Amino acid sequence: MKIKSFIQYFLTFVSIFFIAYQLYKNIEILETIKYIPTYFFLIIFFYVSRIISRAYTNHYLYKNVNIELPFFDALTITLINGLGNYLGPLKAGSGMKLAYLNKKFNLKIIDYMSINTQYSSIYFVASASIATVIMILKSNENQYNQSIYAALLVFLISIFILSISLIRKINLNKLENSKIYFIEKLIKIIKFESIKNNRLNIFLFTSLHALFGFFAIYFCLRIMSVDNTFLDAIFIGSMSQLSTVVNITPGNIGIVEGILFAFKSVYQLNLEEILLFSVISRIFVLIAMLLLNIFLSIKERMS
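Residues numbered from 1 in each chain as written. Predicted model: local features only at pLDDT ≥ 70, side-chain atom pairs only at ≥ 80, totals over all residues. Heavy atoms only, no water.

Engineer: I'd like a rundown of the packing of aromatic side chains, residues and numbers included.
Structural biologist: Taken as a whole and judged by the stated rule, the model has 19 aromatic pairs. Ring plane angle 65° and centroid distance 5.4 Å describe the contact between phenylalanine 71 and phenylalanine 72, whose orientation is recorded as edge-to-face. Judged by relative accessible area, which is 23%, phenylalanine 71 ranks as partly exposed. Judged by relative accessible area, which is 31%, phenylalanine 72 ranks as partly exposed. Look at tyrosine 218 and phenylalanine 230: their rings are 5.9 Å apart centre to centre, the planes differ by 75°, and that puts the pair in the edge-to-face class. Residue tyrosine 218 is located in helix H8 (residues 199–222), and its partner phenylalanine 230 is located in helix H9 (residues 230–242); the two are separated by twelve residues in the primary sequence. Residue classification places tyrosine 218 among the partly exposed positions, given a relative accessible area of 21%. Residue phenylalanine 230 is classed as partly exposed on the basis of its relative accessible area, which comes to 26%. Against the face of phenylalanine 72 rests lysine 299, its NZ or CZ located 4.3 Å from the ring centre. (Phe/Tyr/Trp six-rings, centres within 6.5 Å; stacked < 30°, edge-to-face > 60°. Buried < 20%, exposed > 50% of the residue type's maximum accessible area, 1.4 Å probe, protein only. Helix = DSSP H or I, 4+ residues; strand = E, 2+ residues; numbered from the N terminus. Lys NZ or Arg CZ within 6 Å of the ring centre and 35° of its normal.)

Rendered as structure tokens:
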């Protein structure tokens, strides 16, 4: 077994064991869960809506590389990507999505990487910006730590934007005849010139994708009997999105929880509550993806 694979499986095992052990050691926390069918329905509804809005985002996103992606294909790749990333390490879902698009629509790898890198980077900056604003708004609580975190996020966002600005000034024509071919391709990927069309539609459905996620998180918190606000749910959702930069374990298990724990002073949850929230939200996400997979299977059989 390769060292990389060993590290992935080891971290996954350690993360699952740690979460299970902490919840078992504090088993009484399970008694705080409210079994309210209305909340359960709303959580599933918002997670399903989130996936569908991402499918529409993909539909408009790939128009920028001249691919007319039908809705059901867009939904399929969204589910492939989601399930692959949840059940496999190192963005396995992204590789599966590329294979699907390459086979059915002849999508080039360079176009795929360019579109996804640009979109993910914009989403990352937006999430980090939202998280920073919330920390500044709540800076009167535990002021020192939150001010440090906010300053760090602002610094990282500034460095990212500055780097992209400098890269965009590079003249690729001077590199066409050079021997550093891989550098030329890398610059094309991160030069942020791929998403030129349907920006309004992409922005709209991306906003809906984020909003549905925030509502789902809010109701997950509500069934845990914790007194958190919708602003806390937005912060948790934004910080969870930042974890996608490093995909090592399936579903980033352990990574998400670590980031949320590091910033727990912002929304006042203890370790056990963070872990319980993680388990609950992951279960509902999987249920939503399973329901949509069943829907696609029925649709294929009827067609």
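After that view, the rundown keeps rolling.
Engineer: If you had to explain helix H4 (residues 92–105) to someone new, which residues and values would you point to?
Structural biologist: Taking 1.5 Å per residue as the helical rise, H4 with its 14 residues ought to reach 20 Å, and the 20 Å between its terminal C-alpha atoms agrees with that figure. Of all the positions in H4, only Gly93, Ser94, Lys97, Leu98 and Leu101 are classed as buried. The arc enclosing the buried residues of H4, seen along the axis, measures out at 140°, which places them on a common side. Those residues of H4 that are buried are in contact with helix H3 (71–87) and helix H5 (109–137). (Expected span 1.5 Å × (residues − 1). Arc of directions from axis to C-beta. Contact = heavy atoms within 4.5 Å.)

In short, shape yes, function no, at least from these values alone.
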